[in-house]
Amino acid sequence: MSSSAIIPPDRAFTRRELASRLVSGAAALGVGASAASASGAQAGLQLDLRDAALRGLALAHHRGDPVETAAANAAIANLAVTDPEAALLCRLYRRLDERPSAYWRADAPAADPSNLALVHMAIRECRPIAFGYCDLSDNETGRTVLPLALVHPPQGVKLLAWCQMRARFRQFFVRAMREPVLLPGDFSQQRVELLAGLVDKEDA
């Protein structure tokens, strides 16, 4: 079976669909369970690399090279046709991923690595998460959210999410999350619509 039989070239897939099809393709080829699991891990790696590439495209205009900026803009415009989710992410990263948090202040607390890992997983798997949160006024609340993207403004790593308590899009500093947990559920069918709504909110 050719790779084109596994992933038709004329379709745009979400990240979750892509990973699922890669694992299904391995099973269809008669690959054993352990190898199929490895294929799933490889798919996860490819998705992480894709995300890194999207951030690079989004921030090309910071590098002071108009030729590279034009090429990045053309690539993002093409993504709007071939991979709408990727194009939406590029727009979010361009607006909000301005500079790494390391440039803000040396004494700012860092996000907990284990919390970051869980948030990355939740975004990748389109699963809700719950956590305690301490806002900038030191108010403690409990939140359940649909996690959509991570951005890295100077003030620190933020999660962009749909907050079920507020029924609105919200931003959360990952460093201010307390004991985040993955919840059952799958919002992959809503992901692109939610991203589009988030982009509209930020553009407004």
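- Identification of the protein as WYL domain-containing protein from Ruegeria sp. PrR005 is taken from an unreviewed UniProt entry.

**Here we look at the packing of helix α4 (residues 66-82) against helix α5 (residues 84-96)**
Alright, step 1. α5 packs onto α4 with a crossing angle of 140° between their chain directions and a minimal axis gap of 6 Å. Relative to α5, α4 is oriented oblique. Mapping the contact onto sequence places N73, I76, L79, A80, V81 and T82 in α4 and P84, A86, A87, C90 and R94 in α5.
Alright, step 2. Taken together, the residues that form the contact of α4 with α5 break down as eight nonpolar, two polar and one charged.

**Section: the nonpolar core**
Alright, step 1. Formed by 24 residues in total, the largest nonpolar core has its most connected members in L54, Y93, L148 and L160.
Alright, step 2. Secondary structure elements with two or more residues in this core: α3 (33-58), α4, α5, β2 (140-151) and α7 (191-203).
Alright, step 3. In terms of residue count, the dominant contributor to this core is α5 (eight residues).
Alright, step 4. Summarising the domain contributions, this core has at least three residues from each of domain 1 (42-96) and domain 2 (113-203).
Alright, step 5. Dropping the residues within four chain positions of it, L160 is found in contact with L92, L96, L146, P147, L148, A149, V151, R170, Q171 and L198.
Alright, step 6. In terms of nonpolar packing, the next biggest core, distinct from the first, is built from 20 residues, L116, L118, L150 and L159 among them.

**Description of the sheet that holds strand β1 (residues 129-134)**
Alright, step 1. One open sheet holds the five strands; their spatial order is β4-β3-β2-β1-β5, and the pairing between them is antiparallel. Looking at strand neighbours, the two that pair on one side only are β4 (168-173) and β5 (177-182), the edges of this open sheet. Ignoring strand direction, the axes of neighbouring strands in this sheet form an average angle of 40°.
Alright, step 2. On the sheet, α5 packs against β2, β3 (158-163) and β4 and is oriented at approximately 110° with respect to β2.
Alright, step 3. The sheet contacts of α7 involve β2, β3 and β4, and relative to β2 the element is tilted by about 95°.

About the criteria used
- Residues numbered from 1 in each chain as written.
- Predicted model: local features only at pLDDT ≥ 70, side-chain atom pairs only at ≥ 80, totals over all residues.
- Heavy atoms only, no water.
- Axes fitted to C-alpha atoms, helices over the stretch in contact; angles between N-to-C directions.
- Helix = DSSP H or I, 4+ residues; strand = E, 2+ residues; numbered from the N terminus.
- Parallel < 35°, antiparallel > 145°, perpendicular 65-115°, else oblique.
- Contact = heavy atoms within 4.5 Å.
- Nonpolar A, V, L, I, M, F, W, Y, C, P; charged D, E, K, R; others polar.
- Core = buried A, V, L, I, M, F, W, Y, C linked by side-chain atoms within 4.5 Å.
- Buried < 20%, exposed > 50% of the residue type's maximum accessible area, 1.4 Å probe, protein only.
- Domains from an automatic or database assignment.
- Pairing = 2+ DSSP bridges.

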